[in-house]
Amino acid sequence: MATPHSATDDPDAPAAPAAVKILIAGGFGVGKTTLVGSVSEVTPLRTEEYLTRASVGVDDLAGVDQKTTTTVALDFGRITISPELVVYLFGTPGQERFWFMWNDLVNGALGGIVIADTRRLDTSFASIDFFESRGIPFVVAINCFHNTNTRTPEEIRAALDLDPQVPMLLGDVRERDFGRDLLLALVDHLMDLASARVG
């Protein structure tokens, strides 16, 4: 009696595409869920819950007082680059009480995007430290909410104490083109770092 073969046993079966994992991090309310939603080709998986009275005194809503929901686990999206390559996006929760999730989400990540809000730059420090301490390459996205940014790129870079080689882009994470530019900047950054190691 013949034994069944799995698809991977068939030499003529198409190869599964290579998967690349990218982590989207940043403080509470900076636009992580929005970025994943703006670039994902599929309806993103979201784990948002409504803010309740229980969060009063726990969650800092300064600058985002109109926000009514929060990510409690992750956001997930997908972008098919080609039949051979698929990018998976994982958005982290921004509130400190959910940071324990970051250690699981970062496993296997090739790189990251840190989203920052110039009205609350201090909320980005933990994300930058997280990637730097683990040696994970990242780019920084300055989310310009309704053109509220009044700082120059140089001032922002100095305030975040960014290494000169870390790419930083300013734009609106609601716009798909900006999300695409961020991903391309991260790919270029990863390639530059790989070339430097080989050289």
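This section reports on the structure supplied with the text. (Residues numbered from 1 in each chain as written. Predicted model: local features only at pLDDT ≥ 70, side-chain atom pairs only at ≥ 80, totals over all residues. Heavy atoms only, no water.)

## Focus: the side chain of R120
Okay, step 1: The topology assignment puts R120 in the loop between β5 (109-116) and α3 (125-134).
Okay, step 2: Polar contacts involving the side chain of R120 include one to the main-chain carbonyl oxygen of G29, which spans 3.4 Å. (Helix = DSSP H or I, 4+ residues; strand = E, 2+ residues; numbered from the N terminus. Polar contact = N/O pair within 3.5 Å; in protein donor to acceptor, adjacent residues only side chain to side chain.)

## Describing the side chain of D117
Okay, step 1: Checked against the element boundaries, D117 lands in the loop between β5 and α3.
Okay, step 2: Only 2.9 Å separates the side chain of D117 from the side chain of R119, close enough to count as a polar contact.
Okay, step 3: Setting aside residues up to four positions removed in sequence, D117 forms contacts with V30, S124, N143 and F145. (Contact = heavy atoms within 4.5 Å.)

## What to know about helix α1 (residues 32-39)
Okay, step 1: Taking burial as the measure, the 8 residues of α1 include 6 buried ones, the bulk of the element.
Okay, step 2: Regarding α1, the residues found buried are K32, T33, L35, V36, S38 and V39. (Buried < 20%, exposed > 50% of the residue type's maximum accessible area, 1.4 Å probe, protein only.)

## Here's the deal with the packing of aromatic side chains
Okay, step 1: Counted under the stated rule, the structure contains 4 aromatic pairs.
Okay, step 2: Taking 5.1 Å as the distance between ring centres and 65° as the angle between the ring planes, the aromatic pair formed by F76 and F90 counts as edge-to-face. Taken together, the residues F76 in strand β3 (residues 69-82) and F90 in strand β4 (residues 85-91) connect sequence positions 14 residues apart.
Okay, step 3: Using a relative accessible area of 18% as the deciding quantity, one classes F90 as buried.
Okay, step 4: On the basis of an interplanar angle of 20° and a centroid distance of 5.7 Å, the ring pair of F131 and F138 is categorised as stacked.
Okay, step 5: The class for F138 is buried, based on a relative accessible area of 4%.
Okay, step 6: A connected cluster of aromatic rings, assembled from ring pairs, spans F76, Y88 and F90.
Okay, step 7: Stacked on the ring of F90, the Lys or Arg K21 has its end atom at 4.7 Å from the ring centre. (Phe/Tyr/Trp six-rings, centres within 6.5 Å; stacked < 30°, edge-to-face > 60°. Lys NZ or Arg CZ within 6 Å of the ring centre and 35° of its normal.)

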